[in-house]
Amino acid sequence: MTIAASRDLLDRKIDLCFAQADLDGDGVIDATDVLGLASRMIDASGVAFDSAEATAMLTAAQGWWKALVADLDTNRDRKIQEHEYRAGMRLLAQAPGAFDDVLAPAADAVFRLMDRDRDGRISAAEFWDFQRAFGSSEPAARFAFEKLDTDRDGVLSEAEVLAAFRGFYTSTDPDHVGNFLFGDALS
């Protein structure tokens, strides 16, 4: 399945992320939303909130929030409106090294959180926990897992997960596997 090519593919992905992060649905992302999303992922993973993995996820969420406020909050109200998020994330997608500086630490923390059995791979069940935290349906999670498992070995490696995050947040290629990070939500 190929996502239909359109000039706004990146905007559609950015808008999906905004909606996922705006937990209370008030039209802005604030610190409570970001830490709430991290808490939701920790809860879905089943790890203890005082574990190293949970601490890393909360630290990554705090870092992401600081980057959002520093780079996207143009009116300095400590809230990120949808237009600020879209404009800023588009710049992040185009800036060399920006993904590595801003989002790669969060992707790494998510991987560590998902990998409950610490085997360095994400099973379908572990991936479902991550997807559930973002409000994905089980069929969407299965679809995403199948797409992201590019070597077809039945698990997701750290490289596959990082490539999916990178592609989701930066690629305008309608065939990039990262477009399916949240299932077929963009179809």
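As shown above, the structure is provided for reference.
The text that follows walks through the structure, step by step, so that each part is easy to find. Remember, it's a predicted structure, so these values are computed and weren't measured experimentally.

Conventions and cut-offs
- Residues numbered from 1 in each chain as written.
- Predicted model: local features only at pLDDT ≥ 70, side-chain atom pairs only at ≥ 80, totals over all residues.
- Heavy atoms only, no water.
- Buried < 20%, exposed > 50% of the residue type's maximum accessible area, 1.4 Å probe, protein only.
- Helix = DSSP H or I, 4+ residues; strand = E, 2+ residues; numbered from the N terminus.
- Arc of directions from axis to C-beta.
- Contact = heavy atoms within 4.5 Å.
- Polar contact = N/O pair within 3.5 Å; in protein donor to acceptor, adjacent residues only side chain to side chain.
- Phe/Tyr/Trp six-rings, centres within 6.5 Å; stacked < 30°, edge-to-face > 60°.
- Lys NZ or Arg CZ within 6 Å of the ring centre and 35° of its normal.
- Core = buried A, V, L, I, M, F, W, Y, C linked by side-chain atoms within 4.5 Å.
- Lys, Arg positive; Asp, Glu negative; His and termini not counted.
- Salt bridge = Lys/Arg side-chain N within 4 Å of Asp/Glu carboxyl O.
- Axes fitted to C-alpha atoms, helices over the stretch in contact; angles between N-to-C directions.
- Parallel < 35°, antiparallel > 145°, perpendicular 65-115°, else oblique.
- Nonpolar A, V, L, I, M, F, W, Y, C, P; charged D, E, K, R; others polar.

**Let's talk about helix H7 (residues 138–148)**
Now for step 1: Of the positions making up H7, those classed as buried are Ala140, Ala141, Ala144, Phe145 and Leu148. Down the axis of H7, the smallest arc covering the buried residues is 135 degrees, so these residues share one side. In H7, the exposed positions that point more than 90 degrees away from the buried face belong to Pro139 and Glu146.
Now for step 2: In the core, the buried residues of H7 are packed alongside strand E3 (121–122), helix H6 (124–133), strand E4 (156–157) and helix H8 (158–170).
Now for step 3: N-capping of H7 is provided by serine 137, with a side-chain oxygen placed 3.1 Å from the backbone N of alanine 140.

**Observations regarding the packing of aromatic side chains**
Now for step 1: Tallied over the entire structure, the rule returns eleven aromatic pairs.
Now for step 2: Measuring from centroid to centroid gives 5.7 Å for phenylalanine 127 and phenylalanine 130, while their planes differ by 50 degrees, and the two rings are tilted. Of this pair, phenylalanine 127 and phenylalanine 130 both sit in helix H6, three residues apart, which is roughly one turn of the helix. Across the pair, phenylalanine 130 and phenylalanine 127 agree in class, each one buried.
Now for step 3: With centroids separated by 5.1 Å and ring planes inclined at 55 degrees, the aromatic side chains of phenylalanine 134 and phenylalanine 182 adopt a geometry described as tilted. In this pair, phenylalanine 134 is assigned in the loop between H6 and H7 and phenylalanine 182 in the segment after H8, connecting sequence segments 48 residues apart.
Now for step 4: Of the residues examined, phenylalanine 134 reaches a relative accessible area of 14% and is grouped as buried.
Now for step 5: We classify phenylalanine 182 as buried; its relative accessible area is 4%.
Now for step 6: Here the aromatic cluster, defined as three or more aromatic residues joined through ring pairs, consists of Phe127, Phe130, Phe134, Phe145, Phe165, Phe168, Tyr169 and Phe182.
Now for step 7: A cation over a ring is seen here: lysine 13 above phenylalanine 168, with NZ or CZ 5.7 Å from the ring centre.

**Some remarks on the nonpolar core**
Side chains of nonpolar character tend, in soluble globular proteins, to be buried together.
Now for step 1: Met41, Met57, Tyr85, Phe127, Phe130 and Phe165 are the most contacted members of the largest nonpolar core, which has 56 residues in total.
Now for step 2: Of all the elements, helix H5 (residues 98–114) adds the most residues to this core, at twelve residues.
Now for step 3: Setting aside its immediate chain neighbours within four residues, phenylalanine 165 contacts Phe99, Ala107, Val110, Phe130 and Leu181.

**Here's the deal with the side chain of aspartate 30**
Now for step 1: With respect to the helices and strands, aspartate 30 occurs in the loop between strand E1 (28–29) and helix H2 (31–45).
Now for step 2: No salt bridge is formed by the buried aspartate 30. Its closest oppositely charged neighbour is lysine 79, at 5.8 Å.
Now for step 3: Engagement of the side chain of aspartate 30 in a polar contact is seen with the backbone nitrogen of aspartate 33, the distance being 3.0 Å.
Now for step 4: The residues contacting aspartate 30, other than those within four sequence positions of it, are Trp65, Arg78 and Lys79.

**Some points on the packing of helix H1 (residues 9–21) against H8**
Now for step 1: Closest axis-to-axis distance for the H1/H8 pair is 8 Å, and the angle between their directions is 110 degrees. For the element pair H1 / H8, the angle class is roughly perpendicular. Between H1 and H8, the residues in contact are Leu10, Lys13, Leu16 and Cys17 and Gly167, Phe168, Tyr169 and Thr170, respectively.
Now for step 2: Class assignment of the residues belonging to the contact of H1 with H8 gives a composition of five nonpolar, two polar and one charged.

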